[in-house]
Amino acid sequence: PSEQLVSISTIMSPKNIIFKKTCKDKSVGVFMGKRDFVDRVDSVDPVDGVVLVDPEALAGRKVFVTLCCTFRYGRDDMDVMGMAFRRELYLSTRQVYPPLQDREKGVHTKVQAKLLRKLGNNAYPFFFEFPDNLPCSVALQPAPNDVGKQCAVEFEIKAFSAESQDAKVRKRSTVKLMLRKVQFAPDSQGMPPSVETTKDFVMSDKPLHVKVTLDKELYYHGETINVHVNITNNSNKNIKNIVLSVDQVATVVLYSNDSYVKCVDFEDSGDSVSAGATLQKVYKLLPLLANNRERRGIALDGKLKHEDTNLASSSIVREGVLKEVLGIMVSYKVMVKLIIGGMMGSSEVGLEVPFKLMHPKPEAVKESEMEDELVFQEFKRSYLKGIIGAGDDDDEEGNVSGGDDMGPKEK
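Reading guide: rules and limits
- Residues numbered from 1 in each chain as written.
- Predicted model: local features only at pLDDT ≥ 70, side-chain atom pairs only at ≥ 80, totals over all residues.
- Heavy atoms only, no water.
- UniProt positions renumbered as here; feature names shortened; annotations may be inferred.
- Pairing = 2+ DSSP bridges.
- Helix = DSSP H or I, 4+ residues; strand = E, 2+ residues; numbered from the N terminus.
- Axes fitted to C-alpha atoms, helices over the stretch in contact; angles between N-to-C directions.
- Buried < 20%, exposed > 50% of the residue type's maximum accessible area, 1.4 Å probe, protein only.
- pLDDT = per-residue confidence, 0-100.
- Contact = heavy atoms within 4.5 Å.
- Phe/Tyr/Trp six-rings, centres within 6.5 Å; stacked < 30°, edge-to-face > 60°.
- Lys NZ or Arg CZ within 6 Å of the ring centre and 35° of its normal.
- Core = buried A, V, L, I, M, F, W, Y, C linked by side-chain atoms within 4.5 Å.
- Polar contact = N/O pair within 3.5 Å; in protein donor to acceptor, adjacent residues only side chain to side chain.

As annotated in an unreviewed UniProt entry, the protein carries the name S-arrestin and is attributed to Characodon lateralis. In its Sequence similarities (unreviewed entry) section, the UniProt record describing the protein reads: "Belongs to the arrestin family."

Here it is in structure tokens:
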């Protein structure tokens, strides 16, 4: 189809884009005004929407909505030593029909109120709040030849009709919509990070002093990092080379804290500093996913299907909550290594400087600019035909690895 995907910019535009998806037996439909929910460290956007039910198709069944955060760390069908490769980090369920409270009490947002007016008496609101201890949407990049679902933290709204909350749920009576929990850069910059070290050598009267400073603490994706290196080599050793890198540290917090360090940018400068000399130089590093497309295991920001993504943003967690957060936590550091020559072979002096890598906050749309007309973006499974992974798991109702659904395929 020639239609284009709803991009992030469209979602943030004044038009009220409404994401709509209906289950196969038409008993339940979900309507949501957004799929990105912002974690501001001290609070998270609540998840709100409306469910449209068809009482005839329900045939006496009830309707429930769940908000689920899942940590998937391997193929669903690979069950190694009895350990499941999928773990629910959070699950909250609400009965929306028959309603347990007045419709008006369930309305928390203007979008919900507008949808209820437009959809009529068979529409019912739902509302969830995230707990403090959930990570943001992150996925580990699969290798080009990997099959199946990637390791990821994923969020999903699921609406379904069933006799009761615990009864077996039929796929044709279920509708799922992937969400993202995202963080944007804070408004204020911290102090530019700086690290220095002094190294003494045997048989040398004076030491080597190295200082590494970044020009700021927080960088936006796609921004060049200026690394200021200041070397005073009063020792009798020669520095043969200076090597710099940006390392991404992805800590998978589940059964144990496993950290995976991946170099996402590298410079072999070839610069040398002889005994008694100094060097002051600014090196430039640029960590980009575009240069790391083939690298398995690099952490990426979670994506909604077909949208391109980027290296994962730095995780910011409120103090005191960190120990409880399960999932994938991401941080970055600049590494500077000095290769030092010697009679017994070369040695290294290394410094690491932490920094943050994030997206700037998008500009919020003022309520006065919001248009009254709702624009419905309907997700149809027919769009998925021919997309890799679309048919590999009926249970996912057309969810493709790494995200959901259902925008028309991009040409």
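Student: I tried to follow the sheet that holds strand 13 (residues 218–220) on my own but got confused; where do I start?
Tutor: The strand order across the open sheet built from five strands is 13-20-19-15-16, with neighbouring strands paired in mixed fashion. Single-partner strands in this sheet number two, and they are strand 13 and strand 16 (257–268). Looking at each pair of strands side by side, their axes are set apart by 35 degrees on average, direction ignored.

Student: Just checking my understanding: could you explain the environment of Leu115 for this structure?
Tutor: Structurally, Leu115 can be placed in helix 3 (residues 110–119). In this structure, the C-alpha to C-alpha distance between Leu115 and Gly49, residues 66 residues apart in sequence, is 8.6 Å.

Student: Honestly, the pairing of strand 5 (residues 62–72) in this entry has me stumped. Any pointers?
Tutor: The two faces of the sheet receive side chains in turn, since in a regular strand these alternate between them. Of all eleven residues that make up strand 5, ten are buried, and the element is covered over most of its length. Both strand 5 and strand 9 (residues 152–162) contribute to a ladder of eleven bridges, which runs antiparallel. Counted as the bridge partner of Lys62 is Ala162 from strand 9. Looking at chain direction, strand 5 and strand 6 (residues 86–97) are connected through ten bridges and run antiparallel. Following the sheet pairing, Phe71 is matched in strand 6 by Arg87.

Student: What is the right way to read unusual backbone geometry from this model?
Tutor: One can expect most non-glycine residues to show negative phi and most peptide bonds to be in trans. For the peptide bond that leads from Tyr97 to Pro98, omega is -10 degrees, which places it in the cis range. One non-glycine residue, Lys26, lies in the positive phi region at around 65 degrees. Its location among the elements puts Lys26 in the loop between strand 1 (16–22) and strand 2 (28–32). In this structure, Met203 takes a positive phi of about 70 degrees despite not being glycine. Summarising the element assignment, Met203 is placed in the loop between strand 11 (194–199) and strand 12 (208–214).

Student: Would you mind showing me how to read helix 3 here?
Tutor: What sets the pattern is the α-helix's 3.6 residues per turn: residues three or four places apart point alike. Inspection of helix 3 places Gln112, Lys114, Leu115 and Leu116 among the buried residues, and these make up the whole buried set. Of the residues one or two after helix 3, Gly120 is the one with positive phi, at around 90 degrees.

Student: Hey, could you run me through the pairing of strand 2 in this one?
Tutor: Counting buried residues along strand 2, five of its five residues qualify, which places the element largely inside the surrounding structure. A two-sided burial pattern is seen for strand 2, the buried positions comprising Val28, Val30 and Met32 on one face and Gly29 and Phe31 on the other. Examined bridge by bridge, strand 1 and strand 2 share four bridges and lie antiparallel to one another. Following the sheet pairing, Phe19 is matched in strand 2 by Met32. The turn joining strand 1 and strand 2, which pair antiparallel and follow one another in sequence, is formed by five residues; a positive phi near 65 degrees is taken by Lys26.

Student: Got a minute to help me understand the confidence of the model for the protein in this structure?
Tutor: Note: predicted coordinates in regions of low pLDDT should not be interpreted at a detailed level. Mean pLDDT for the protein: 77, with 76% of residues reaching 70 or above. The low-confidence segment residues 1–14 (pLDDT under 50) makes 32 contacts with residues lying over four places distant or belonging to another chain. In this model residues 76–83 is a low-confidence stretch, pLDDT under 50, and it forms seven contacts with partners more than four residues away in sequence or in other chains.

Student: Where do I start with the packing of aromatic side chains in this structure?
Tutor: What describes a pair of aromatic rings is the distance from one ring centre to the other and the angle between the planes of the rings. Per the counting criterion, the structure on display carries seven aromatic pairs. Ring-pair connections join several aromatic residues into one group, and the members of that group are Phe37, Phe130 and Phe155. Lying across the ring of Phe19, Arg35 places its NZ or CZ 5.4 Å from the centre. Positioned above the aromatic ring of Phe160, the side-chain terminus of Lys158 is 5.4 Å from the ring centre.

Student: I keep staring at the environment of Asn257 and nothing clicks. Help me out?
Tutor: Tracing the chain through its elements places Asn257 in strand 16. It is 9.8 Å that separates the C-alpha atoms of Asn257 and Gly327, two residues lying 70 residues apart in sequence. What Asn257 contacts, discounting residues up to four positions off in sequence, is Thr251 and Val252.

Student: Got a minute to help me understand the sheet that holds strand 11 in this structure?
Tutor: By definition, the strands of a sheet pair up through backbone hydrogen bonds, in either a parallel or an antiparallel sense. One open sheet accounts for four strands, arranged 11-12-14-17; its pairing is antiparallel. What marks the edges here is a single partner per strand, and that holds for strand 11 and strand 17 (278–285). The sheet shows a mean angle of 15 degrees between the axes of neighbouring strands, taken without regard to direction. Here strand 14 (residues 225–233) runs beside strand 17; their pairing, made up of eight bridges, is antiparallel. Note on strand 17: the bridge partner recorded for Asn226 is Lys284.

Student: Even after reading the chapter, I still don't get the nonpolar core, so can you show me in this structure?
Tutor: One recurring pattern in soluble globular proteins is that nonpolar side chains are buried together. In terms of nonpolar packing, the biggest core is built from 77 residues, with Val47, Phe126, Ile157, Val227, Ile231, Ile242 and Ile328 touching the most fellow members. Of all the elements, strand 19 (residues 327–340) adds the most residues to this core, at seven residues. Not counting residues up to four positions away in its chain, the partners in contact with Val227 are Val212, Thr213, Leu214, Leu244, Lys281, Val282, Tyr283, Leu285, Val334 and Val336. Within the second largest apolar cluster, six residues are counted, among which are Phe31, Leu115, Leu116 and Ala123.

Student: What should I look at first to understand the side chain of Ser235 in this one?
Tutor: Within the element layout of this structure, Ser235 appears in the loop between strand 14 and strand 15 (239–253). A polar contact is formed between the side chain of Ser235 and the side chain of Asn233, at a distance of 2.6 Å. Those residues within four positions of Ser235 in sequence are excluded, and the remaining contacts are Phe201, Ser204, Lys206, Pro207, Leu208, Ala275 and Gly276.

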